[in-house]
Each structure stands twice: as structure tokens, then as C-alpha cells.
Amino acid sequence: MNTAIAAFTRNGITLARKISGRFDAKIFVPSRLADDGLEAIDPPLSEWAGKYFHCVDAMIFIGACGIALRAIAPHIMSKLHDPAVIVIDEAGRYVIPVLSGHIGGANSLARDIAGFLGAQAVITTATDINNIPAADEWAVRNDCVIENPEAVKHVSSSLLEGHSVGVAVTDMNIPAPFPVTLWLRPKVLVLGAGCRKGTDTAEFERSALAFLDGAGVSVLSLKAVASIDIKAHEPALLDFAEKHNIPFMTFPASQLQALEGRFTGSDTVRSITGTDNVCERSAVMAAGRGAVLLRNKYICGGMTFALARVRRTENDITA
């Protein structure tokens, strides 16, 4: 986890060093205290916070809650994008998550830090204090994307009131099974793709989304886009992966060709690329051992697509 710690006193710095040694965090301090490799915070504090707020996974302030809240207030966007923010008193007695407790992981990190310091984690989210599972925290822990975050509040409040809730954990596009359905999309699909050099990026995205729609799956369940290494710098593939916030993986032809399995082979493709199939083989390769090829090679205007599903076991799911 990429973490920044802001400390404002010598006692705070001592505590920050202790935490950093365990959690591999970078420490920032006022200029007058910046020595021994510590980085200076240039005032005002809110500008420092803005510089790092969306570049880190977590921010830890060692000091008063008010200082932290004023620093981060101008930069808060949403629970889907904000980092975990934690406040710790300089005596190391209390660890308080103040932002992104569930999706950002602040509650979990606060518990870990408190356990390490022998401190008290001060958790205030209603589901946690009532020992009710939080759907958004479960989603993050199990590598799922929340499709409709507005439903999280409904699910949480219904659970707190003792009512049944509707949560659908699936990569398939199916009719909503409940009056109010929280959709959690597990990241279990890999899109294998190939295209001609210089393929228009908008055309590629339209075709890729149409292929996924035809397969009946959600684009939010994509774990990666995969292709052959000669396409490692292809703008259409890179732009699609970046836009949908997923890794773009490539493999050499020799590795793809050596992959065991039944694939749609083409002598023409092999003569050009060195492997008889790019999209199917790269999808399965990226999906890993035990992957299932859901959709075979599909050709569309100089582009090819295939779809594989990652094999998940019960050990991959955490309560």
C-alpha cells in the first residue's frame, strides 16, 4: 500500500518512523524538522494534501483530527476514489479512520496499525460497530467492482434494520433479481485481443464492448486485456485498458504457441506473428492456470477478440 504519513512534532515523528518501518510509508514533516531523509511539507498543509491525495492509497496524520480534516476537505471526491485517511494522536493511543473506511480500506488499516502499536482503533461506521458485514468492504476484499454504489447505502441501512437485502455477485449481465439489487462485479474475465496497426481507438472500444455485450458479460468484470508482445505499444489496446482501468498484458509468440489447449489456429496468423492464434491464447495465458475459454475467436473489421474466465476456488473468497 502506497502510504504518506504527515507528522508535526518530534514525538509524532518518532511514532511515524515506527509505523513506517512496519508499513513502508513515506514520512513528511514541517521544514524545520526535515532531516535524516524526511521530506518537507511546504505550507499550506492543504496544498501538500492536494498534491498527494489522489496519488497514494492511504494518508496518515499524526496529530489532531481537525488538522487532518481541514487539509483534506478541498480534495474529497467520493468513496469510490478517495484514499484511506487515518488520524493518530502523537502518543499512539488512538487510531481513527476518518475517510474511506470500507472501499478505501481505512478501517482495516486502522485495525492493523492499532494492533501493531498496541493502541485502540476507533471505528465509527455503523455496520462495523453492530458486527454487520459491509458489502462494499467485502467487495474490495474479494476483488469486485461495485457497479451501482448508490445501492450500498440502501443495503447497509436495510441490514442495520434487520431486513433482507439483494446483492448479486456475477460477471453476467442478467435481469435484476431483487427490487433493489447491489451489483458486485468480480474481476474474473480477460479480454484477448488483436488488431491491425493503427486501428482507430474509438472503433476498437465500440467493437470490444459489443463483443462483451454479445457474450452477456459486464466490462467491469475485466481483470485484464491481453495480446501478443508486438502489440505492446498499440494505441487502441493501450487506450482501452487505460480507460477501463485494467492492466494490459502481452506475451511473446513463443510463449503463446507453447500454451497447451484447443485453439482456433490459422497458418496465416502464424506466418505473421509466430503463433497460430493471438486473442484466444493471450486471453487464456493472462487468465492463468485452470482458465476457461468462454468465447472463441471473433473477427470484426481487422480486430479479433476472445474471452477467458479466471478459475476461482473457495479459498479465493473471503468472508
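Preceding this section is the structure that the text describes.
The paragraphs below set out a description of the structure included in this document.

Quick notes on the rules
- Residues numbered from 1 in each chain as written.
- Predicted model: local features only at pLDDT ≥ 70, side-chain atom pairs only at ≥ 80, totals over all residues.
- Heavy atoms only, no water.
- Pairing = 2+ DSSP bridges.
- Helix = DSSP H or I, 4+ residues; strand = E, 2+ residues; numbered from the N terminus.
- Contact = heavy atoms within 4.5 Å.
- Axes fitted to C-alpha atoms, helices over the stretch in contact; angles between N-to-C directions.
- Buried < 20%, exposed > 50% of the residue type's maximum accessible area, 1.4 Å probe, protein only.
- Core = buried A, V, L, I, M, F, W, Y, C linked by side-chain atoms within 4.5 Å.
- Phe/Tyr/Trp six-rings, centres within 6.5 Å; stacked < 30°, edge-to-face > 60°.
- Lys NZ or Arg CZ within 6 Å of the ring centre and 35° of its normal.

### Here we look at the sheet that holds strand β4 (residues 58-62)
Argument step 1. Taking strand neighbours across the sheet as the criterion, the seven strands line up as β3-β2-β1-β4-β5-β6-β7 in an open arrangement whose pairing is mixed. Looking at the sheet topology across the chains shown, the edges are occupied by β3 (39-41) and β7 (120-121).
Argument step 2. Relative to the sheet, helix α1 (residues 10-23) contacts β1 (3-7), β2 (26-30), β4 and β5 (84-88), its axis offset from that of β1 by approximately 165°.
Argument step 3. The strands touched by helix α2 (residues 45-52) within the sheet are β1, β2, β3 and β4, with β4 carrying the most contacts at an inclination of about 155°.

### Looking at helix α12 (residues 279-287)
Argument step 1. Within α12, nine of the nine residues are buried, which leaves the element mostly enclosed by the surrounding structure.
Argument step 2. Listed as buried for α12 are Cys279, Glu280, Arg281, Ser282, Ala283, Val284, Met285, Ala286 and Ala287.
Argument step 3. For α12, the secondary structure elements touched by its buried residues are β11 (189-195), β12 (222-228), β13 (248-251), α10 (253-258), β14 (292-300) and β15 (303-309).

### So, the pairing of β2
Argument step 1. Where burial is concerned, most of β2 is hidden: four out of the five residues are buried.
Argument step 2. With three bridges connecting them, β1 and β2 associate as parallel partners. The partner of Ala6 across the bridge, within β2, is Phe28.
Argument step 3. Bridging between β2 and β3 involves three bridges; their strand directions are parallel. The residue bridging Val29 from the neighbouring strand is Ala40, located in β3.

### What to know about the nonpolar core
For soluble globular proteins, nonpolar side chains are generally found buried alongside one another.
Argument step 1. Membership of the largest hydrophobic core comes to 37 residues, with the highest contact counts inside it found for Leu191, Phe204, Leu222, Phe240, Phe305 and Leu307.
Argument step 2. Of all elements in the fold, only β11, α8 (201-215), β12, α9 (235-243), α10, α12 and β15 reach the threshold of two or more residues within this core.
Argument step 3. Beyond its immediate sequence surroundings of up to four residues, Leu307 is in contact with Leu189, Val190, Leu191, Phe211, Leu212, Ala215, Val217, Leu222, Val292, Leu293, Leu294 and Arg295.
Argument step 4. In terms of nonpolar packing, the next biggest core, distinct from the first, is built from 28 residues, Ile27, Ala84, Leu109 and Ala121 among them.

### Notes on the sheet that holds strand β10 (residues 181-186)
Argument step 1. Within the open sheet, the three strands sit side by side as β8-β10-β9. Their pairing is mixed. In this open sheet, the two edge strands, each paired with only one partner strand, are β8 (144-146) and β9 (166-169). If you compare each strand with its neighbour and ignore which way they point, the axes differ by 25° on average.
Argument step 2. Strand direction decides the pairing type here: β9 and β10, joined by four bridges, are parallel. Within the sheet, the bridge partner assigned to Gly166 lies in β10 and is Thr181.
Argument step 3. Packing of helix α7 (residues 150-160) onto the sheet brings it into contact with β8, β9 and β10, and relative to β10 it is tilted by some 115°.

### Observations concerning the packing of aromatic side chains
Argument step 1. Enumeration over the complete set of coordinates arrives at nine aromatic pairs.
Argument step 2. With a centroid separation of 5.8 Å and 80° between ring planes, the pair formed by Phe204 and Phe240 is classed as edge-to-face. Of this pair, Phe204 sits in helix α8 while Phe240 sits in helix α9, placing them 36 residues apart in sequence.
Argument step 3. Seen in terms of ring centroids, Phe211 and Phe305 are 5.6 Å apart; in terms of plane orientation they differ by 25°. Their pairing is stacked. Of this pair, Phe211 sits in helix α8 while Phe305 is found in strand β15, placing the two residues 94 residues apart along the sequence.
Argument step 4. Among the residues examined, Phe305 registers a relative accessible area of 0% and is labelled buried.
Argument step 5. Through successive ring pairs, a cluster of aromatic residues spans Phe204, Phe211, Phe240, Tyr298 and Phe305.
Argument step 6. Seen from the ring of Phe23, Arg22 lies directly overhead, with NZ or CZ sitting 4.9 Å from the centre.

Function cannot be inferred from these measures alone, as they are strictly geometric.
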